[in-house]
Amino acid sequence: MSQVFEGYERQYCVLSANLSKKITSATLLNGEQKKQKVSEIKGGLEDAEALIRKMDLEARSLPPSVKATLLAKLREYKTDLNNLKTEVKRITSFNANQAARDELLESGMADTMMASADQRGRLLVSTERLNQSSDRVRESRRTMLETEELGVSILHDLHQQRQSLLHTHNTLHGVDDNVSRSKKILTSMSRRMSRNKWIIGSIIAVLVIAIILILYFKLIH
């Protein structure tokens, strides 16, 4: 819901309640006091009409889903304003003071004013409920943002852990390559040692045979 519309709405509700009180008090006045009070009421009605126009412009600038609800409320405010204007016309008519008292007693003006007060009460209750709904929406949005930030933080941590695992994997792969090369070198050295052993053994065997042959020929001669 638009905060601008809510601000105009609160101003109108306060102004409407004040105008209703002034109209009630004006019915009990006479002469210049009554004229001064009526002049104040008319100024208040002009302010109320200006607020109605502002709310209408603000509501029509909002998305359709919100605009429909606000325009419905605006129609109630317009009805309330028309009731106030009607009451002002009655107290400013010929012999308005006595006529207003008679109408209040005979034609059910008291019921009308009570209905207006009840209507304004319902409007205030509706406004409060809408404000509570807006607060819940803002709280849900704040929770959603916090959850989103937490998710981004977790993803960042997981990315860092993945990089660490990749680095460890690369390190282990390098160690494995080094172990493989070392194993090949040791195998090659072992083969060379075995081959050298056979060569040395062959040389020793040849030398032994040569010595035996030399001794043999010497003994014969």
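Residues numbered from 1 in each chain as written. Predicted model: local features only at pLDDT ≥ 70, side-chain atom pairs only at ≥ 80, totals over all residues. Heavy atoms only, no water.

- In the nomenclature of an unreviewed UniProt entry, the protein chain corresponds to Vesicle transport v-SNARE 12 from the organism Forsythia ovata.
- What the UniProt record of the protein chain gives under Sequence similarities (unreviewed entry) is the line "Belongs to the VTI1 family." (UniProt positions renumbered as here; feature names shortened; annotations may be inferred.)

## Overview of the environment of Ile41
- Structurally, Ile41 can be placed in helix α2 (residues 31–60).
- Taking C-alpha positions, Ile41 is 7.9 Å from Val88, a pair spaced 47 residues apart along the chain.
- The residues contacting Ile41, other than those within four sequence positions of it, are Leu19, Lys22, Ile23, Ala26, Val88 and Ile91. (Helix = DSSP H or I, 4+ residues; strand = E, 2+ residues; numbered from the N terminus. Contact = heavy atoms within 4.5 Å.)

## Some words on helix α3 (residues 64–92)
- Helix length check: α3, at 29 residues, gives a terminal C-alpha distance of 41 Å against a target of 42 Å (1.5 Å per residue), a fit within 8%.
- Three or more residues of α3 are buried, namely Leu70, Leu71, Lys73, Leu74, Tyr77, Asp80, Leu81, Leu84, Glu87, Val88 and Ile91. (Expected span 1.5 Å × (residues − 1). Buried < 20%, exposed > 50% of the residue type's maximum accessible area, 1.4 Å probe, protein only.)

## A few points about a nonpolar patch on the surface
- The grouping of Ile199, Ile203, Leu207, Ile211 and Leu215 at the surface amounts to a nonpolar patch, some 480 Å² of accessible area in total.
- Along the chain, Leu215 turns up in helix α5 (residues 109–220). (Patch = residues over 30% accessible without salt bridge, like charges linked within 9 Å, V, L, I, M, F, W, Y side chains within 5 Å. Areas by Shrake-Rupley, 256 points an atom, 1.4 Å probe, with all protein chains shown as cover. Salt bridge = Lys/Arg side-chain N within 4 Å of Asp/Glu carboxyl O.)

## Observations regarding α2
- Helix length check: α2, at 30 residues, gives a terminal C-alpha distance of 44 Å against a target of 44 Å (1.5 Å per residue), a fit within 8%.
- Taken residue by residue, α2 has Lys34, Val38, Ile41, Gly44, Leu45, Ala48, Leu51, Ile52, Met55, Asp56, Glu58 and Ala59 as its buried positions.

## Considerations on the UniProt feature "transmembrane region" (unreviewed entry) in the protein chain
- According to UniProt, the positions carrying the feature "transmembrane region" (unreviewed entry) are residues 198–217.
- Note that residues 198–217 is 100% helix and 0% strand, and that its end C-alpha atoms are spaced 28 Å apart.

## Section: the pattern of salt bridges
- According to the stated counting rule, one finds 9 salt bridges in the structure shown.
- Here Asp56 and Arg60 are joined by a salt bridge, their closest N and O atoms 3.0 Å apart. Residue Asp56 and its partner Arg60 are located together in helix α2, separated by 4 residues, close to a single helical turn.
- Via salt bridges that share partners, Glu139, Arg142 and Glu146 belong to a single interconnected network.

## Thoughts on the environment of Ser16
- By the secondary structure assignment, Ser16 is in helix α1 (residues 3–26).
- Under the relative-accessibility criterion, Ser16 is labelled buried at 1%.
- Separated by 64 residues in the primary sequence, Ser16 and Asp80 have C-alpha atoms spaced 8.1 Å apart.
- Once residues within four sequence positions are removed from consideration, Ser16 is found in contact with Asp80, Leu84 and Arg120.

## Some words on the environment of Gln119
- Position of Gln119 relative to the elements: it lies in helix α5.
- Distance from Gln119 to Asp80, taken between C-alpha atoms, is 8.0 Å for residues 39 residues apart in sequence.
- Excluding residues that lie within four positions of it along the chain, Gln119 makes contacts with Glu76, Thr79, Asp80 and Asn83.

## A word on the packing of α1 against α3
- Running from N to C, α1 and α3 point in directions that differ by 20°, and their axes come no closer than 11 Å. Taken together, α1 and α3 sit at an angle that is classed as roughly parallel. The handedness of the crossing between α1 and α3 is left-handed. Note on element contacts: α3 touches α1 through Leu70, Lys73, Tyr77, Asp80, Leu81, Leu84, Glu87, Val88 and Ile91, opposite Phe5, Glu9, Tyr12, Cys13, Ser16, Leu19, Ser20, Ile23 and Ala26.
- For the contact of α1 with α3, the residue count by class is 12 nonpolar, 2 polar and 4 charged. (Axes fitted to C-alpha atoms, helices over the stretch in contact; angles between N-to-C directions. Parallel < 35°, antiparallel > 145°, perpendicular 65-115°, else oblique. Left-handed = near helix turned anticlockwise from the far one by under 90°. Nonpolar A, V, L, I, M, F, W, Y, C, P; charged D, E, K, R; others polar.)

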